[in-house]
Amino acid sequence: NTNYRVLNTAAELTTYGIAPDELMERAFHLNHYRDVVKLGGLLSNMELITPYGVAIVYQPDMTDPISDNDIVVELLNSVREARIMIFVRRVEEKLLRISLRSRCEYNVAQFAAKFGGGGHPQAAGLRFRSTYEQFRIDVLEKLLAELEEN
């Protein structure tokens with residue numbers, strides 16, 4: 001998150017000779033080889049649901065997950081046609097962890113709250129106790145219906 005305190009800290013780091021671009025590179029743009037390979041597999045199964053602009057990726061492998069979920073969400077967010085991005089991870093046999101992002105006026109935190117989740121208008125999450133197939137019926141279909149109304 002970017003706020004006054006974060007920006008002041010970044011400015012202070014520059015007084016110690018730390019280059020902001022190098023800091024960004026190390027913190028956000030360098031990924032483990034294993035994660036990049038896994039990411040390729042995940043993204044090859046990405047689905048874009050038009051005309052709603054929903055990009056969704058499902059990670060079924062709970063034994064060897066990507067170590068940083070943010071890289072998946074960041075790449076989903078880079079899809080020009082996507083307005084809502086969803087990353088679904090299977091964390092237990094019948095437990096899914098869902099990350100939601102919005103690049104439009106749709107409030108994903110309000111949506112996540114309907115399923116016991118929460119967050120911010122543009123970034124939220126929830127846990128869903130069931131299968132991915134049931135998630136698509138109970139959660140995704142409800143999201144698409146709401147987007148249709150708006």
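Report follows, based on the coordinates.

Conventions and cut-offs
Residues numbered from 1 in each chain as written. Predicted model: local features only at pLDDT ≥ 70, side-chain atom pairs only at ≥ 80, totals over all residues. Heavy atoms only, no water. Salt bridge = Lys/Arg side-chain N within 4 Å of Asp/Glu carboxyl O. Helix = DSSP H or I, 4+ residues; strand = E, 2+ residues; numbered from the N terminus. Buried < 20%, exposed > 50% of the residue type's maximum accessible area, 1.4 Å probe, protein only. Axes fitted to C-alpha atoms, helices over the stretch in contact; angles between N-to-C directions. Parallel < 35°, antiparallel > 145°, perpendicular 65-115°, else oblique. Left-handed = near helix turned anticlockwise from the far one by under 90°. Contact = heavy atoms within 4.5 Å. Nonpolar A, V, L, I, M, F, W, Y, C, P; charged D, E, K, R; others polar.

### Considering the pattern of salt bridges
Line of reasoning, step 1. Counted under the stated rule, the structure contains four salt bridges.
Line of reasoning, step 2. Here Arg83 ties to Glu105 by a salt bridge, and the two come within 4.0 Å at their closest N and O atoms. On the criterion of sequence distance, the pair formed by Arg83 in the loop between helix H4 (69-77) and strand E3 (84-92) and Glu105 in the loop between strand E4 (95-102) and helix H5 (108-113) is long-range, its members being 22 residues apart.
Line of reasoning, step 3. Classification of Arg83 as partly exposed rests on a relative accessible area of 30%.
Line of reasoning, step 4. Exposure remark for Glu105: the relative accessible area of 67% places this residue in the exposed category.
Line of reasoning, step 5. Of the charged contacts, one joins Lys114 and Glu146 as a salt bridge, the two residues approaching to 2.3 Å between their closest N and O atoms. Placement of Lys114 in the loop between H5 and strand E5 (118-120) and of Glu146 in helix H6 (residues 132-149) is noted, with a sequence separation of 32 residues between them.
Line of reasoning, step 6. When its relative accessible area of 48% is taken as the criterion, Lys114 is described as partly exposed.
Line of reasoning, step 7. Judged by relative accessible area, Glu146 falls into the buried class, the value being 15%.

### Some remarks on the packing of helix H3 (residues 33-44) against H4
Line of reasoning, step 1. At a closest axis distance of 11 Å, the pairing of H3 and H4 adopts a crossing angle of 45 degrees. One way to sum up the angle between H3 and H4 is to call them oblique. Along this stretch, H3 crosses H4, giving a crossing that reads as right-handed. Between H3 and H4, the residues in contact are Asp35, Leu39, Leu42 and Leu43 and Ile71, Val72 and Leu75, respectively.
Line of reasoning, step 2. Broken down by class, the residue content of the contact of H3 with H4 amounts to six nonpolar, no polar and one charged.

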